[in-house]
Amino acid sequence: MVIQWYGQACFKIQSGDLVIAVDPFAKEIGLTPPRWRANLALITHAHYDHANSEAIAGDPFVIKGPGEYEIQGVQVQGIQTFHDAVSGKERGLNTMYKIKMEGITILHMGDFGEGAMRDETIEQVGDVDIILIPVGGTYTIAASEAAKIVTQIEPRIVIPMHYKIPGLAIKLDEVGMFLKEMGASGAAAEDRLTLKKKDIPEEGHTKVVVLKVS
């Protein structure tokens, strides 16, 4: 499996010839929208910095909300959450996606905005190997809240997203604040994460992986 980050909450997750696009963004955020081909596109919510599925080539199957899906052997579960800390009254709903492929479970949190994860949500999420979590504040959770959620979920690998990067027209906090919360300030950015099931850290160990923008 190969995981690449394209800025904001946009990821390319690839297993062999199967490609999943998550939260492709529009050019209005100041970055170049992804144009690569995908079989499946997951949209966490309808805001322009997360919902530009038209940019993805290859006529992908698009999922835009809660439910359980199986596409080409990949299991996807959409879990409904709130985009804010007031039950969606400010920014509406958000869908997290739990993706199972190659024996690895990934949770993409989208624009999760709740200060902590509710018990019923934790139950739906279950065991997670890799979590893709927003850390930049303003429109989602901030660094300290993200760190608390990592403690709640106990994933093996944490990949921060949705934070300040060069060119981004949206004002967010830098990733360093989250790395400090996690005790991982020295983490070096990697071009991509390539791994197999055997590469997942043992239970009780959490590794923070910072990705460069592809």
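Student: Mind showing me how you'd approach the sheet that holds strand β5 (residues 61-63) here?
Tutor: Sheet strands pair via backbone hydrogen bonds, and the direction of the pair is either parallel or antiparallel. With mixed pairing, the six strands of this open sheet are ordered in space as β5-β4-β3-β2-β1-β12. The open sheet has two free edges, formed respectively by β5 and β12 (193-194), since each of these has just one partner strand. Looking at chain direction, strand β3 (residues 18-22) and strand β4 (residues 40-42) are connected through three bridges and run parallel. Across the sheet, residue A21 finds its bridge partner in β4, namely A41.

Student: Got a minute to help me understand the sheet that holds strand β11 (residues 157-161) in this structure?
Tutor: Strands sit in the order β6-β7-β8-β9-β10-β11-β13 across an open sheet of seven strands; the sheet is mixed. Looking at the sheet topology across the chains shown, the edges are occupied by β6 (67-71) and β13 (207-208). By the bridge criterion, five bridges tie strand β10 (residues 130-134) to β11 in an arrangement that is parallel. The residue bridging L132 from the neighbouring strand is I159, located in β11.

Student: Would you take a moment to explain the side chain of T81 for this structure?
Tutor: Relative to the elements of secondary structure, T81 occurs in strand β7 (residues 74-82). Contact partners of T81, with chain neighbours within four places excluded, come to L93, N94, M96, F112, E114, R118 and T121.

Student: I keep staring at the pattern of salt bridges and nothing clicks. Help me out?
Tutor: One side chain can pair with another of opposite charge once the charged atoms of both are near each other. Enumeration according to the criterion identifies six salt bridges in this entry. Residue K164 is joined to E174 by a salt bridge in which the shortest nitrogen-to-oxygen separation is 4.0 Å. Of the two residues, K164 sits in the loop between β11 and α3 (176-181) while E174 sits in the loop between β11 and α3, which places them ten residues apart along the sequence. With a relative accessible area of 47%, E174 lands in the partly exposed category. Connected through shared salt-bridge partners, E114, R118 and E120 make up one network.

Student: Teacher, can you tell me more about helix α2 (residues 143-153) here?
Tutor: Owing to its 3.6 residues per turn, the α-helix brings residues three or four apart onto one side. Restricting attention to buried positions, one finds in α2 the residues A143, A146, A147, I149, V150 and I153. Along the long axis of α2, the arc covered by the buried residues comes to 160°, so they all point the same way. Along α2, the residues that are exposed and aim more than 90 degrees away from the buried face are K148 and T151. Close packing links the buried residues of α2 with α1 (119-125), β10, β11 and α3. Looking at the residues trailing α2, positive phi occurs at E154, about 55°.

Student: How should the pairing of strand β8 (residues 93-101) be read in this particular structure?
Tutor: Regular strands have side chains that alternate between both faces of the sheet. Burial analysis of β8 places seven of its nine residues in the buried class, which makes it a mostly covered element. Two strands pair when backbone bridges link them, and β8 and strand β9 (residues 104-108) are joined in this way by five bridges, in the antiparallel orientation. Following the sheet pairing, K98 is matched in β9 by L107. Between β8 and β9, which pair antiparallel and follow one another directly, the connecting turn spans two residues, one of which, E102, has a positive phi of 55°.

Rules of the game
- Residues numbered from 1 in each chain as written.
- Predicted model: local features only at pLDDT ≥ 70, side-chain atom pairs only at ≥ 80, totals over all residues.
- Heavy atoms only, no water.
- Pairing = 2+ DSSP bridges.
- Helix = DSSP H or I, 4+ residues; strand = E, 2+ residues; numbered from the N terminus.
- Contact = heavy atoms within 4.5 Å.
- Salt bridge = Lys/Arg side-chain N within 4 Å of Asp/Glu carboxyl O.
- Buried < 20%, exposed > 50% of the residue type's maximum accessible area, 1.4 Å probe, protein only.
- Arc of directions from axis to C-beta.

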